[in-house]
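Listed here are the chains, written in short residue letters.
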Amino acid sequence: MEITDNTFARQFETTVEEGLVSVEYSFQEKKIFLTKINTPDQFDNEEFISQLLSEIMAIAIERKLKVVPILPKIVVFFKKNPVYKELLPPGIRL
C-alpha cells in the first residue's frame, strides 16, 4: 500500500479502485491527532482501513510521534491492536 502524506490537506492518502481513502490529522507538539477517515461512498472494507491505520502507526513510530485517536473507529483499532498502545500519550486510556 502506498500512502502519501498530504501536508497541505493534513491527511494521509491512498487510492483504491473506488477512489481516494484518507485519514485526516492535526499536530500539536509531538502528537498527531487522527480526526477523520474519509472513504468513497461504495467503499466498505474494514480490513483495508485497519491495514491503512497500521501503516500510519508505522509512520508515527518512525517520526517519534504520539498518536491521539479522536475518532471512535480509531479507538476500536487501538483496542484490537494493543501492540500500538505504546504510541498513546500519557494519560490517554481506552
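That block above? That's the structure.
Conventions adopted
Residues numbered from 1 in each chain as written. Predicted model: local features only at pLDDT ≥ 70, side-chain atom pairs only at ≥ 80, totals over all residues. Heavy atoms only, no water. Phe/Tyr/Trp six-rings, centres within 6.5 Å; stacked < 30°, edge-to-face > 60°. Helix = DSSP H or I, 4+ residues; strand = E, 2+ residues; numbered from the N terminus. Buried < 20%, exposed > 50% of the residue type's maximum accessible area, 1.4 Å probe, protein only. Pairing = 2+ DSSP bridges. Axes fitted to C-alpha atoms, helices over the stretch in contact; angles between N-to-C directions. Contact = heavy atoms within 4.5 Å.

Draft legend 1. Quick look at the packing of aromatic side chains. On inspection of all chains with the given rule, the structure shows five aromatic pairs. Centroid distance Phe12 to Tyr25: 4.9 Å. Interplanar angle 40°. Geometry classified as tilted. Taken together, the positions of Phe12 in strand β2 (residues 11-16) and Tyr25 in strand β3 (residues 19-28) put the pair 13 residues apart, joining distant regions of the chain. As far as burial versus exposure is concerned, Phe12 and Tyr25 are alike and both buried.

Draft legend 2. Structural context of the pairing of β2. Most of β2 is tucked away: five of the six residues are buried. Two strands pair when backbone bridges link them, and strand β1 (residues 4-6) and β2 are joined in this way by three bridges, in the antiparallel orientation. What sits directly across from Asn6, in β2, is Gln11.

Draft legend 3. Looking closely at the sheet that holds strand β5 (residues 66-69). The mixed open sheet is built from five strands, whose spatial order is β1-β2-β3-β4-β5. The outermost strands of the open sheet, each flanked by one partner alone, are β1 and β5. Across this sheet, the average inter-strand angle for adjacent strands is 30°, counted without regard to direction. Bridging between β3 and strand β4 (residues 31-38) involves seven bridges; their strand directions are antiparallel. Paired with Ser22 across the strands is Asn38, a residue of β4. Against the sheet, helix α1 (residues 46-62) contacts β2, β3, β4 and β5, and its axis sits at roughly 35° relative to β3. Helix α2 (residues 72-80) contacts β4 and β5 of the sheet and is inclined by roughly 125° relative to β5.

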